[in-house]
Amino acid sequence: MKRNGKGVARFWRGLDEYAGGPEIEGLLEREFPAPPPEGDDPETRRTFLKLMGASIALAGMTGCRFPRETIVPFTDRPAGRIPGVPVRYATAFELGGAAIGVLVTSYDGRPIKIEGNPDHPASRGGTDAIAQASILGLYDPDRSRSPLERAEGGAYAPRSWRDFKKFATAHFEELRGARGEGLAILSAASSSPSLAAMRRRLLDAMPQARWYEYEPISFDAEREATRRLFGRPLRSVLEPAAADVLVCLDADLIGEHPDRVRLAREIAKRRRGEDGSLSRVYALEPGVSLTGALADHRLAVRPSRLVRLVWLLAHDLLVEHGLLRDLPGEFAGALAAAAEAVGKGPEREFVLTLAHDLAAHRGRALVVAGPRLPAAVHALAALANHALGAVGRTVAYVPDPDPDRPDHLEAIGELAERMAAGKVGTLLVLGGNPAYDAPADLDFPELLAKVPVSIHLGESQDETGRACRWHVNRAHYLESWGDARSWDGTVSVVQPLIEPLFGGKSPLELLALAAGDEAKSAHAIVRRTFAENGWDGGSETGWRRALHDGLVPSTAWPREAPAPRIGGLAEWIGVPEAAEEEGGIELVLSPDPRLWDGRFANIGWLQELPEPVTKLTWDNALLLGVQDAARLGVETGDVLRVTANGRSIELPAYVLPGQAPGAASVWLGFGRRAAGRVGDGVGADAYRLRTRAAAGFVSGVEVAKTGRREELAVTQLHWAIDARGRRERGRRAEELIREATIEHYREHPDFAKHMGHHPPLVSLFSEPIEYDGYKWGMAIDLAACTGCNACVVACQAENNIPVVGKREVINGREMHWIRVDRYFKGSPESPELAFQPVTCQQCENAPCEQVCPVAATVHSAEGLNQMVYNRCIGTRYCSNNCPYKVRRFNFFNNWKHVTPLEAMQHNPEVTLRSRGVMEKCTFCVQRIEAARHRAKLDPEEPRRRIRDGEVVPACAQACPTQAIVFGDLNDPESRVSRMHAHHRAYPILAELNVRPRNVYLAKLKNPVPDTGGTEHA
């Protein structure tokens, strides 16, 4: 790609724009479609008061929760407890066996908002979109309300916990008498030390029982590679902040890795160029990931070809550069043969350039392989890190918490074989949904029907719950006791913030019942684990400290630097075939960045959240590259039939720039049949194409057009800032997204300020405004923004922003107060990407204020552009006059059908907006006022000024990379003031003389100097 003299290239938003195609017209033509059908609200005021009474009774002041045996009226307020004043509790959110520390805000015993725990090593104050949205699962109206038993005829009848306990006590007592013969436990991945302890107790009581762990999104390939390479399974802990060169082989560290929140912060540290240096990131991948979007050099390559290129990389590093001594001749020969088979071409040149860069940065380089790649590739990546001196610097290893377990696919396969042979009389499913997400070649639902006694523990009666004899309602993690470990092993205590709303039970309690354990409650089990391990001395003081801090100190696993065992490695790894398959499509199966493996499909916030790269909502699609789409005659929206291994699914196409030729991608987690009223029937179930032998990549896929089309809810061209009808569309985007190489930045640190027109502060049209008190402002660093969307969900949770549904999103009526725009740069076949969060710019010379006929939008004395909702008459002149397109109009009463249970999540400090009013970002003014109140009543310094960092809007607090900074511009020492004065700082659309209060810091890139940019990408 060629750059201009300033090291800057043009951006474009989508394929229609790049190709000069038809304009996107008529997004708001249908102003008033029929409102959604009305329905009876299943919740009643009596139920709501019961739930609120239960939660208020649990209120306390210590920041720690303890079990209550009874629920009593809140007639006597606890000492020091002020109704309406929020408190925060530390707990942990676990996903796929890795936890992050979180702080949960509670109003009178009602959890409403999740933040990252700044003291926890896995979160460091940040979160991701999934963790932010997980609170909505607590108030899901489709949650199970009681245990259910399948009666004669297949219908399910509600039962009480007492009924199930009576059955389970007798049944498991009989099994204990038989030493567990015929009992199988299938558990989702969990890092809980207490669950591991209960597993040992259960197997001690029933030694013939079998325990299996299965997770559809598994990271076991690296585990198998380390077992072969080091003699035992290990887990890698990455330190990308110490790496000058980072190579990601289909590894999305920012969007997919279990430690992604911490890794995003670490990567962003080296992308700001504050010390004049910038790390260099390479990405080799078939699809476009968040890490690939950030990369300086990206190679789009189909999966089978990627495996061969890894062999070439290993050969060039280990043999040609001689970085690994005493390399066995057999292994060196295998590497040479595989490298020779790659052939010549731009892909080979890309890899050789990459290898040279790695070798030049020994001790400061890191190579990471992704979870879909085979174990052999992970072994080669580990060898490369060993040869580069990365171990102990940019990567360390910690012991695997369960070294003896089989990998997840092997475990679910072994269980299926035993079920098919009739060797499983009782199956206990602890979380997970194998009837939906088990490999399709197992036909797990049919096998489950053959098990005489099946018990499913889940928050809702999902596909697996509907296939089992018993379904037991599970407690949400915010209403149950437990513990969990982060990726590096740090222990956190999971404490409840509210009594279980529907009497749900945790896996610990169900295992205690099955094992006949003397500890019946989850609280007692966790306390016992804490004492037996001697964490923090095992004392009451240590326990209370762990609850308060959200973690147990000094519990991370010890880091190791093992030496690889290379002998015999060539025989195990093998050599990829020299001849590459011609033609055909290789399918990439990846977790959805919002719904993950499908467990969050019933959370409306995540369904309506635009996917970071495609900006697609309420659907998954077959992502095709530009070349493949042209070859197949496919356009975005064409419904395709995708066939593999004798099974087919139908889903719409999405033509995505940057997708590798010969590779198509589809997200897992859609096509649910028993998710609930939000998630049922949304998208296509890609698990139908997934088998044990092809869990990450599927070859030999056939794609055919069905002749139908489907309208997709894509938000990318909604609220476009760039003027339509321009001949040079990239020019406006170039002014919005300003970027340069690190070399250009060193020579011209103020380059960003000279890339746009800035009118003088004093003009013929307005005078500068002076602010005597506070002057609130924001700065967003584009070099650190990864497009992860955590800010969008955090804003939605904090400000009671409604979900409007797919049809209204198609109409251009999504309500998000902050959006993250995505821009392409370069050719559609191999573009670079950039993300830009856009919120209300709080203009000092605001166009919206000038046209409002009723003064519903006004300017405050502190520089905030405020909305007075009860004045708004819905003319929408302000939205038309806003150049940033950041104002949202409530066409309907989106709260009309919200149940009292769902309403419990609402933030009481933010108004619920009815239909017919304009709404927008307020800089979280409620947080500003709360900080003002605290400063005014500070006992040590009454009526003091608000200090820097005391006010953090929801978007800035959630951001894992700290790309968003907020504060008082009248304080010259504040962080936001320093960012406004930064060389890279610039406002957008400043030429309009609207005087935005926000600034952006220009994006930086670090391409290899002698390539002139990204000629291989």
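In case you missed it, the structure is sitting above this.
Residues numbered from 1 in each chain as written. Predicted model: local features only at pLDDT ≥ 70, side-chain atom pairs only at ≥ 80, totals over all residues. Heavy atoms only, no water.

Asker: With reference to specific residues and values, describe the overall build of the protein chain.
Answerer: A count of helical and extended segments in the protein chain gives 32 helices and 39 strands. Split into buried and exposed, the 1017 residues of the protein chain put 63% on the buried side. When the accessible area of the protein chain is evaluated, it comes to approximately 37,900 Å², of which 50% is carbon and sulfur surface. (Helix = DSSP H or I, 4+ residues; strand = E, 2+ residues; numbered from the N terminus. Buried < 20%, exposed > 50% of the residue type's maximum accessible area, 1.4 Å probe, protein only. Areas by Shrake-Rupley, 256 points an atom, 1.4 Å probe, with all protein chains shown as cover.)

Asker: Tell me about empty space enclosed by the protein, and please be specific about residues and values.
Answerer: Overall, the coordinates contain 13 cavities of 30 Å³ or more when judged by the stated rule. Computed from the structure, the second largest cavity encloses a volume of approximately 350 Å³. Lining the second largest cavity are 26 residues; nearest its centre among them are Asp252, Val288, Ser289, Ser590 and Trp667. Residue assignment for the lining of the second largest cavity shows that the elements contributing at least two residues are strand 20 (585–591) and strand 25 (663–668). Ranked by the residues each element gives to the lining of the second largest cavity, the list is headed by strand 20, at three residues. Among the residues making up the lining of the second largest cavity, the classes are represented as twelve nonpolar, seven polar and seven charged. (1 Å grid on protein atoms, 1.4 Å probe; cavity = no way out; pocket = protein on both sides within 12 Å on 5 of 7 lines; lining within 4 Å. Points joined across faces, edges and corners; volume = space filled by probe spheres on them. Nonpolar A, V, L, I, M, F, W, Y, C, P; charged D, E, K, R; others polar.)

Asker: Summarise the environment of Ile780; cite the residues concerned and give the values.
Answerer: Relative to the helices and strands, Ile780 resides in strand 29 (residues 776–781). In the structure, Ile780 is positioned 196 residues away from Val976 in sequence and 9.4 Å away in space, judged by C-alpha atoms. Aside from chain neighbours lying at most four places away, what touches Ile780 is Pro837, Ala963, Ile964, Val999, Tyr1000 and Leu1001. (Contact = heavy atoms within 4.5 Å.)

Asker: Tell me about the packing of aromatic side chains, and please be specific about residues and values.
Answerer: This structure, assessed with the given rule, holds 17 aromatic pairs. On the basis of an interplanar angle of 90° and a centroid distance of 6.1 Å, the ring pair of Tyr282 and Phe350 is categorised as edge-to-face. Here Tyr282 is found in strand 11 (residues 280–285), whereas its partner Phe350 is found in helix 12 (residues 346–359), with 68 residues between them in sequence. On the accessibility criterion, Phe350 (2% relative accessible area) is buried. Through a chain of ring-to-ring contacts, the aromatic side chains of Trp161, Phe164, Phe167 and Trp470 assemble into a single cluster. A cation sits over an aromatic face here: Arg235 above Trp487, 4.0 Å from the ring centre. (Phe/Tyr/Trp six-rings, centres within 6.5 Å; stacked < 30°, edge-to-face > 60°. Lys NZ or Arg CZ within 6 Å of the ring centre and 35° of its normal.)

Asker: Before we move on, could you go through the sheet that holds strand 16 (residues 453–458) and cite the residues and values that matter?
Answerer: Strand order in this open sheet of seven strands is 6-5-17-16-15-7-8, and the pairing throughout is mixed. The open sheet has two edge strands with one neighbour each: strand 6 (156–158) and strand 8 (210–213). In this sheet, neighbouring strand axes are inclined to one another by 15° on average, regardless of whether the strands run parallel or antiparallel. As paired strands, strand 15 (residues 426–430) and strand 16 are joined by five bridges and run parallel to one another. Across the sheet, the residue bridging to Leu427 is Ser454, located in strand 16. Lying over the sheet, helix 14 (residues 408–420) contacts strand 7 (183–187), strand 8 and strand 15, oriented at roughly 135° with respect to strand 8. Contacts between helix 17 (residues 507–515) and the sheet are confined to strand 8, strand 15 and strand 16, with strand 15 contributing the most and set at about 155° to the helix. (Pairing = 2+ DSSP bridges. Axes fitted to C-alpha atoms, helices over the stretch in contact; angles between N-to-C directions.)

Asker: Which residues make up unusual backbone geometry, and what values go with them?
Answerer: Phi is positive for Asp108, which is not a glycine, with a value near 50°. One non-glycine residue, Arg179, adopts positive backbone phi at about 60°. Inspection of the secondary structure puts Arg179 in the loop between helix 5 (161–177) and strand 7. Given a relative accessible area of 46%, Arg179 falls into the partly exposed group.

Asker: Requested: an account of the pattern of salt bridges, with residues and values cited.
Answerer: For the structure on display, the rule yields 69 salt bridges. With a closest N to O distance of 3.2 Å, Arg223 and Asp400 form a salt bridge. Taken together, the residues span a long stretch of sequence, with Arg223 in helix 7 (residues 220–230) and Asp400 in the loop between strand 14 (395–399) and helix 14 at a distance of 177 residues. The same class applies to Arg223 and to Asp400, which are both buried. Two residues, Arg228 and Glu224, come together in a salt bridge whose shortest N-O distance is 3.1 Å. Here Arg228 and its partner Glu224 are both found in helix 7, four residues apart, which amounts to about one turn of the helix. Look at the salt bridges and you will find they share partners, linking Arg201, Asp517, Glu518, Arg528 and Glu532 into a network. (Salt bridge = Lys/Arg side-chain N within 4 Å of Asp/Glu carboxyl O.)

Asker: How would you explain the nonpolar core if you had to name every residue and give the values?
Answerer: Leu284, Phe331, Leu358 and Leu587 are the most contacted members of the largest nonpolar core, which totals 229 residues. If we skip the residues at most four places from it in the chain, Leu284 touches Val247, Cys248, Leu249, Asp250, Leu299, Leu306, Leu309, Phe350, Val351 and Leu354. In terms of nonpolar packing, the next biggest core, distinct from the first, is built from 40 residues, Phe172, Trp470, Val491 and Leu547 among them. (Core = buried A, V, L, I, M, F, W, Y, C linked by side-chain atoms within 4.5 Å.)

Asker: Can you tell me about the environment of Val429, naming the residues and giving the values?
Answerer: Following the sequence through the fold, Val429 ends up in strand 15. For the pair Val429 and Ile185, spaced 244 residues apart in sequence, the C-alpha to C-alpha distance is 6.0 Å.

Asker: Quick rundown of the pairing of strand 25? Include the residues and the values.
Answerer: Regular strands place their side chains on alternate faces of the sheet. By the criterion of burial, strand 25 is predominantly enclosed, with six of the six residues buried. As judged from the six bridges shared by strand 20 and strand 25, these two strands associate in the parallel manner. Following the sheet pairing, Glu586 is matched in strand 25 by Ala663.

Asker: Requested: an account of the pairing of strand 14, with residues and values cited.
Answerer: Counting buried positions along strand 14 yields four of five residues, so the element is predominantly enclosed. As paired elements, strand 9 (residues 234–238) and strand 14 share five bridges and run antiparallel to each other. Each bridged residue has a counterpart across the sheet, and for Leu238 the counterpart in strand 14 is Val395.

Asker: How would you sum up helix 8 (residues 260–269)? Please name residues and give values.
Answerer: Burial analysis of helix 8 places nine of its ten residues in the buried class, the great majority of the element. Listing the buried residues of helix 8 in full gives Arg260, Val261, Arg262, Leu263, Ala264, Arg265, Glu266, Ile267 and Ala268. Residues of helix 8 that are buried sit in contact with strand 2 (87–95), strand 3 (98–107), helix 3 (129–133), strand 9, strand 10 (245–249) and helix 9 (290–294).

Asker: Lay out the packing of helix 6 (residues 193–205) against helix 17 in plain terms, naming residues and giving numbers.
Answerer: As a packed pair, helix 6 and helix 17 sit with axes 9 Å apart at the nearest point and diverge in direction by 15°. Between helix 6 and helix 17, the angle is such that the two are roughly parallel. In terms of crossing hand, the pair formed by helix 6 and helix 17 is left-handed. Note on element contacts: helix 17 touches helix 6 through Pro507, Leu508, Leu511, Ala512, Ala514 and Ala515, opposite Ser194, Leu195, Met198, Leu202 and Ala205. The class makeup of the residues in the contact of helix 6 with helix 17 is ten nonpolar, one polar and no charged. (Parallel < 35°, antiparallel > 145°, perpendicular 65-115°, else oblique. Left-handed = near helix turned anticlockwise from the far one by under 90°.)

Asker: So what about the side chain of His718? Which residues, and what values?
Answerer: Checked against the element boundaries, His718 lands in the loop between strand 27 (713–714) and helix 23 (729–736). For His718, a relative accessible area of 4% corresponds to the buried category. There is a polar contact of 3.1 Å between the side chain of His718 and the side chain of Glu814. (Polar contact = N/O pair within 3.5 Å; in protein donor to acceptor, adjacent residues only side chain to side chain.)

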